Amino acid sequence: MEFKLNEDQWAVKEAARDFAQNELKPGVIERDSSMAYPTEQVKAMGELGFMGMLVDPKYGGSGMDNISYALVMEELSKVDNSCSVIVSVQNSLVCWGLQEFGNEEQKQKYLPRLASGEWIGAFCLSEPEAGSDATMQRTTAEDKGDHYLLNGTKNWITSGGTSKVHLVIAQTDKEKGHRGINAFIVETSWDGVDVGAKEDKLGIRSSDTHTIMYSNVKVPKENRIGEDGFGFKFAMKVLAGGRIGIASQALGIAAGSYELSVEYAKQREAFGKPIAQHQAIAFKIARMATDIEASRMLVYRAAWLKDNHMDYLMASAMAKLAASDAAMKHSVEAVQIHGGYGFVKEYHVERLMRDAKITQIYEGTSEVQQIVISRSVLKGQLEVPTTK
Ligand code: CAA
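Residues numbered from 1 in each chain as written. Predicted model: local features only at pLDDT ≥ 70, side-chain atom pairs only at ≥ 80, totals over all residues. Heavy atoms only, no water.

A. Structural context of the overall build of the protein chain. Check the secondary structure of the protein chain and you find 10 helices and 10 strands. In terms of overall dimensions, the protein chain is globule-like: its C-alpha atoms have a radius of gyration of 21 Å, near the 21 Å expected for 388 residues. The principal-axis extent of the C-alpha atoms belonging to the protein chain is close to 80 × 50 × 40 Å. A total of 388 residues make up the protein chain; the buried ones form 56% of that total. At a minimum sequence separation of 6, the contacts of the protein chain that also span at least 24 residues come to 74%. (Helix = DSSP H or I, 4+ residues; strand = E, 2+ residues; numbered from the N terminus. Rg over C-alpha atoms; globule rule 2.2 N^0.38 Å. Buried < 20%, exposed > 50% of the residue type's maximum accessible area, 1.4 Å probe, protein only. Contact = heavy atoms within 4.5 Å.)

Written out as structure tokens, the structure is:
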């Protein structure tokens, strides 16, 4: 058992930390207020190789491992969760989904532009009436011989307004239930793809979340991903990896809240000494440190299992469940430690508290994670399997 990052992993963590602290932090409060999309920052993350971290260099990616990806997500998320959710969806849902399940032609056509960040991708599964119950797809893709005709509405789509490529999940044969669902690569420049208004959200406010409407969109047959009927399993497999990205984001929110709290508690004085010297605050800090380390172990282990081609379904669900709870709990504690200062934007913790909530909701709510975990346990998997 090895608990040490290698040199490459340390280097990428440092690079992400420097970028987040020096390039993301200065404008993050303004972007959060105005909901301005972080165009320049996304471009810079593309130049740093953060938009195609898991993509093989032969398709223009950085060819990093999942641990490095988690480290980058954690550092970005200490500061700017609008940027980090864009990175997470791009890497673990869109790029990894295409690389793992797309055919050679699809990979060559789409991955280079996605991995460089030139094109942003979106993952279009959720619908007005299909959130947690993802099999209830109302979007249809009718087989018309040489193409499918796509019709329907997708909700809460991250990068909905800026994306050039969508991975769309749609029902092709209602009679077959989840086995009649397919996944398609759809270019947003095609006729019939319409973007609804930008959502005004509690947190991650400068990421662009939209409703997307598809009306008679002609999708070429060659843009279906995998065998006929593979779409639901595609979504489930991709989301199992995506949960490592969101767990890392939640870890970053918890760790960012903690780092700001420690710094503040050491310099802010009350009753004649720094507040960190008061047990009420010192014990909060001890709890934060412990919960964050526990989440970090779960997140890194899930990433390690994925890197080693081992079963990570239960591990990624546990990592997301624990880290998102830690993010929520400790971002609230961070505001409490900062007192009145914590309630104003300048001190950053109120934004982290608002950003934390979505990590318990997207890419599978905490309740969905508990479905995944308990089903694994009841099938006989009493602990996360760590043998092949
Ligand atoms: N890998 C492979 N196959 C899987 C699988 C997995 N991880 N999970 C399920 N399946 C298969 C099952 O084996 C089954 O296939 P068979 O019938 O052939 O055996 C089929 O899929 C149906 O599985 P279930 O019966 O388990 O399905 P269910 O209806 O009970 O749902 C669920 C299970 C876990 C609740 C699932 O619906 C789910 O994950 N829901 C949450 C969806 C979600 O995460 N949405 C997030 C939206 S994306 C987003 O947020 C992105 C963003 O922009 C940030």
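B. How the structure looks around the site of the ligand. Near the ligand you find 25 residues, and of these Ser 132, Thr 158, His 178, Lys 233 and Arg 375 are the closest. In this structure, an oxygen atom belonging to the ligand sits 3.0 Å away from a side-chain N or O atom of Arg 243. Between the ligand and Glu 363, the relevant distance is 2.9 Å, taken from an oxygen atom to a main-chain nitrogen or oxygen of the residue. The fraction of the free accessible surface of the ligand (1,100 Å²) that becomes covered by protein chains is 75%. (Near = heavy atom within 4 Å. Polar contact = N/O pair within 3.5 Å; in protein donor to acceptor, adjacent residues only side chain to side chain. Areas by Shrake-Rupley, 256 points an atom, 1.4 Å probe, with all protein chains shown as cover.)

C. How the structure looks around the side chain of Ser 159. Here Ser 159 shows up in the loop between β3 (147-158) and β4 (165-171). For Ser 159, the residues in contact, after removing those within four places along its chain, are Ile 86, Ile 120, Gly 121, Ala 122 and Asp 208.

D. Region of the structure containing the pattern of salt bridges. Counting across every chain of the model gives 21 salt bridges. Measuring nitrogen to oxygen at the nearest pair gives 2.7 Å for the salt bridge that ties Arg 31 to Asp 80. Of the two residues, Arg 31 sits in helix α1 (residues 7-34) while Asp 80 sits in the loop between α3 (66-77) and α4 (81-101), which places them 49 residues apart along the sequence. Both residues of the pair, Arg 31 and Asp 80, count as buried. (Salt bridge = Lys/Arg side-chain N within 4 Å of Asp/Glu carboxyl O.)

E. Region of the structure containing the nonpolar core. Among the nonpolar cores identified, the biggest contains 114 residues, and Phe 123, Val 186 and Phe 234 are the most heavily contacted of them. When residues in this core are grouped by element, the largest group, 17 residues, is from helix α6 (residues 231-267). The contacts of Phe 234, once residues within four sequence positions are left out, are Gly 97, Phe 101, Phe 123, Leu 167, Ile 169, Ala 183 and Ile 225. Among the nonpolar cores identified, the runner-up in size contains five residues, and Ala 317, Leu 321, Val 368 and Val 372 belong to it. (Core = buried A, V, L, I, M, F, W, Y, C linked by side-chain atoms within 4.5 Å.)

F. Local environment of a nonpolar patch on the surface. On the surface, Met 1, Phe 3 and Met 297 cluster together to form a nonpolar patch covering roughly 450 Å² of accessible area. By the secondary structure assignment, Met 1 is in the segment before α1. (Patch = residues over 30% accessible without salt bridge, like charges linked within 9 Å, V, L, I, M, F, W, Y side chains within 5 Å.)

G. Here's a closer look at the packing of helix α8 (residues 313-338) against helix α10 (residues 366-378). Their axes nearest at 9 Å, the elements α8 and α10 cross at an angle of 140°. When the axes of α8 and α10 are compared, the crossing they make is left-handed. Along its contact with α8, which presents Leu 313, Met 314, Ala 317, Met 318, Lys 320, Leu 321, Ser 324 and Asp 325, the element α10 presents Ser 366, Gln 369, Gln 370, Val 372, Ile 373, Ser 376 and Val 377. (Axes fitted to C-alpha atoms, helices over the stretch in contact; angles between N-to-C directions. Left-handed = near helix turned anticlockwise from the far one by under 90°.)

Everything listed here is a matter of coordinates, which is why it stays silent on function.
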